[in-house]
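# Architecture and fold: a report
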Amino acid sequence: MTAAAAPTSVPEVRTRGFARRNPTLVLGIVLLVLIVLVALAAPWLAPAPGDAGTATHPFNVLDGPSSAHPFGTDLVGRDLLTRVMYGARISLRLVVEVLLIAGLIGIPLGLIAGYFRGRVDQVIMRITDVFLAFPALLLSLAIAFVLTPSVQNMTIAIAVTWWPWYTRLVRGEAASIATRPYIESCRVLGVSHARILARHILPNSITPVLVQMSMDAGGILLTAASISFLGLGAQDPTPEWGLIVSQGAQYFATQWWFVTFAGLAILFTAIAFNLIGDGIREMLDPRRVVSR
Amino acid sequence: MIRYAAERLGLGVLVVVGVVVLTFLIARVIPGDPAVTYAGPRASKAQLEQVRKQLGLERPVIVQLGNYLKGIATGDWDTSYRTKRPVLSDLRTALPASVELVTAGLILALLVGLPLGLISARFHGRLPDVLVRIASVIGVSMPVFWAALILQLVFAQKLGWLPAAGEYDPNLYYTSPLTSYIQMPTVDALITGNLAVLKSSISHLILPAAVVALYPAGLLARMVRASVLDTLGESHIRMTRSLGFGDRAIYGRWALRPAMNPVIQVTALVFAYSLANTFLVEAVFDWPGLGSYAANSLQALDTPAIVGVTLIVAIVYVVLNLLVDIAQAAIDPRIRLR
Amino acid sequence: MLEVRDLGVWFGDRQVVAVDALDLDKSQTLGIVGETGSGKSMTAYAIAGLAPGMGARVEGSVKLDGQELIGLSDGALRDIRGRRIAMIFQAPISSLNPVFRVGDVFLRALRLHGASKADARERAAEAMRSVALSPDLLHRYPHQLSGGQAQRVAIAMAVALRADVLIADEPTSALDVTVQAEILDVLEKLRAEESLAMLFISHDLAVVSGICDTVAIMYDGEVVERGPVSETLHHPSHPYTRELLAAVPKLTTPEATDA
């Protein structure tokens, strides 16, 4: 055979030079860690924790960036640095919750569809198709609207639009694993379906889903910010980034700071998530060849 | 080929019906009284009753759904509670506006993304690749509404190069009225030779289209890069090189076409995605398209309109997927004969 | 005609080929035999000028009719590839671009090297006939051809381009035994008719003994033995060659398959 560089199929996590070989992943992780630290430390680091809630300071309305207020203040005088920092807590928590809920719905459905095949499979997949045909944003908006806008309901709405992707992914994997001979032998031995699903099918089908989740995190964040921007998500005084941008939109021409920092926060967090997603995908690509 | 297309069409219809049913049910669950929307806040109780009977809100949901489905098939998409016009005619003005915007955005995205992806693949691992990848990550991570605001601020207000909102200069309604054929100002102006409107509508199109193009361009650049790199690793490229073809031929033809498969799929998905997401861009740039119509309908609890919008988007989505499947089969002969 | 001296190929720090000398004359067939990883294919790619495109570094001398190929400019190399040195590969169907009709590649390659449209079509048709294929097959897509047909198309391309040297990298390894024989026949015919010089890479001693005049045995990137086929395979001097011969199943020992 030709002597091409050997592809790394098993990621060598512990070897030195990991950073050099996976720069995207490392960069993404570093960024995300920074954001998480900011979010965790917000109650102590933020200049005015009360401003993340209902406090108002009528004398400081729409002040520009200064040493007291590095990000300026908003339309009721609240410190924007504080609000942006607290916003990190909200966004991070939301992304995690959406992924969890979507996973809890989607993965079992996919496992069942792929393992049992037949009628069950058809029904589940048709339902999945219908949900997939729905533009995610539209459906999220509709649901968020029905459920009265709030961060919690927005989380549920987004999760409900997101699960079909995971079902489809898992079903594919589960279906191919279910036909393998060793599963047959399990059944012959009298192992119950539930046990087979849990001990054999699930662990082997889950990797693509986890990879997909890492890639979805960015999209979920942007969707949430968009919904809040349109007024159907977080409501005042919740310091959600999308909401802050929508509040600042009308003042943009003269009070540029209102919109800018919150928007940058969204941008950088989304970049962090996307870099991690890309990095993981690159790392697991079995055809990774380091040539010219 | 015909068989393949017919099969896909059948499946598509099924999905669309499912979407309609789902939307209808959701819409009925929305709290709030559609009768109030229709009749206005000052209607008396008796009037509301009358409206309710008129709109058929008394009958069981299943019956309403049945009637609605029947209506759809025959071209009657019910009347909007808000605008009092048939939903279908509302959509007939709103949809083309969004399509115009998204198409312009996608063309821009292709013009930018495709070459960047090729450059990225050609120089992979080196500086041009790194730069393109940074740009595409930013493109995909950018919050659309924020980008829209910034572009509007910089180019429209501060620099004054481009207009801030609308489809084209309203003054032209009088000085150079436009006869509409397909409700797309740019195309109509082109067809009727109305230069003033053409210029105005193109300049109005640039900013919103650029915002729409951000995400697809970033995505396309990455997809093209990955797909081309994959193709380059295949043995037929080695054969092509051994015949004496150089980089230009390889990147321009021999590696490009086989790599297009996934790219086409992504483009169609992105089109549907962008169509649904025009909400945000339309909101900022005051674009009278589907997104604005949907937002207004949602706020007014205008069920027929909501269902109509969802239906049209689902149909577009299905049609697009169908076109993609057909295009793929046309480009890659292996798919046809499967 | 083809002179290789001190050829070295590296992937990063790892040297995969260290060939001291190889010679090939017109109408001659040189077999390069070795196991997987011996560097035989890489040697072929280096000679054909494809190695840098795979990320490898090449040093040494490869002379075609006295002209040095290593270090030649890209443009000059591209002229040589196809026109003077042609290659055919293992797994013939995968070696053809799946989304183009076979004729597309064929004709464009001919026109790349200077033929006119009409000229190209003629030469292609003629070449196809010389490998016992109907020119109509040019309208097909690769997956519509059999392995044997696809390989013959590849050979036809080399013929049409009027290459002086044909490098065949395991051309029959992916084919059925009966089809193998057909391909080998075609190659033999070409050697006779076109005075083709051929570099035949294979791990199959039986095939090599049938079609090659001289043979070079490679192990771990180096040529460990070389010489005329009959001598080397009947009276091997290097221990590795003896091992190779011993590993061949009895039914196809060189004595049983005198071409």
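Because the structure is predicted, anything quoted here is derived from the model rather than measured.

Next up on the list: the overall build of chain C. Along its length, chain C carries nine helices and ten strands. Over its C-alpha trace chain C gives a radius of gyration of 18 Å, about what one expects of a compact globule, namely 18 Å for 259 residues. Taken along its principal axes, the extent of the C-alpha atoms in chain C is 55 × 45 × 30 Å. Residues classed as buried in chain C amount to 56% of the 259 residues present. Intrachain contacts of chain C at a sequence separation of at least 6 include 66% that bridge at least 24 residues. Surface exposure of chain C reaches about 11,000 Å², of which carbon and sulfur atoms provide 47%. Each charge class in chain C can be summarised by its mean position, and for the 25 positive and 35 negative side chains these summaries are 9 Å apart.

Let us now look at the nonpolar core. Grouped together as the largest cluster of nonpolar side chains are 129 residues, with contacts concentrated most on C:Met42, C:Phe106, C:Ile155, C:Ile167 and C:Phe200. For this core, the element with the most residues is helix 13 (residues 256–276) of chain B, which contributes eleven residues. Setting aside chain neighbours within four positions, we find C:Phe106 in contact with C:Ala124, C:Ala127, C:Met128, C:Leu138, C:Val153, C:Ala156, C:Met157 and C:Ala160. Of all hydrophobic cores here, the second largest spans 106 residues; its members include A:Ile177, A:Trp257, B:Ala148 and B:Leu153.

What follows is about a positive patch on the surface. On the surface, a cluster of positive charge is contributed by B:Arg253, B:Arg257, C:Arg108, C:Arg111, C:Lys117 and C:Arg121. Put simply, the parts of the chain that give the positive patch at least two residues each are helix 3 (102–112) and helix 4 (117–130) of chain C. Secondary-structure assignment places C:Arg121 in helix 4. By relative accessible area, C:Arg121 is classed as exposed at 52%.

Below, the discussion takes up the sheet that holds strand 1 (residues 2–11) of chain C. Residues and elements named next belong to chain C. If you walk across this open sheet you meet the four strands as 2-1-4-5, and the pairing is antiparallel. Sheet topology places strand 2 (14–24) and strand 5 (67–68) at the edges, where each strand pairs with a single neighbour. Sheet topology note: the strand 1/strand 2 ladder contains nine bridges and is antiparallel. When the bridges of strand 2 are listed, Glu-3 appears paired with Asp-23. This element, helix 1 (residues 40–48), spans strand 1, strand 2 and strand 4 (57–64) of the sheet and lies at about 115 degrees to strand 1.

Moving on, we come to the pairing of strand 10 (residues 222–228) of chain C. In summary, the side chains of a regular strand alternate between the two faces of the sheet. Residue and element names in this part refer to chain C. As judged from the six bridges shared by strand 9 (residues 214–219) and strand 10, these two strands associate in the antiparallel manner. Bridge assignment links Tyr-219 to a residue of strand 10, and that residue is Glu-222. Hairpin connection, strand 9 to strand 10: the antiparallel pair is bridged by two residues, and Asp-220 has positive phi, about 55 degrees.

Calculation notes
- Residues numbered from 1 in each chain as written.
- Chains lettered and ligands numbered in written order.
- Predicted model: local features only at pLDDT ≥ 70, side-chain atom pairs only at ≥ 80, totals over all residues.
- Heavy atoms only, no water.
- Helix = DSSP H or I, 4+ residues; strand = E, 2+ residues; numbered from the N terminus.
- Rg over C-alpha atoms; globule rule 2.2 N^0.38 Å.
- Buried < 20%, exposed > 50% of the residue type's maximum accessible area, 1.4 Å probe, protein only.
- Contact = heavy atoms within 4.5 Å.
- Areas by Shrake-Rupley, 256 points an atom, 1.4 Å probe, with all protein chains shown as cover.
- Lys, Arg positive; Asp, Glu negative; His and termini not counted.
- Charge placed at Lys NZ, Arg CZ, Asp CG, Glu CD.
- Core = buried A, V, L, I, M, F, W, Y, C linked by side-chain atoms within 4.5 Å.
- Patch = residues over 30% accessible without salt bridge, like charges linked within 9 Å, V, L, I, M, F, W, Y side chains within 5 Å.
- Salt bridge = Lys/Arg side-chain N within 4 Å of Asp/Glu carboxyl O.
- Pairing = 2+ DSSP bridges.
- Axes fitted to C-alpha atoms, helices over the stretch in contact; angles between N-to-C directions.

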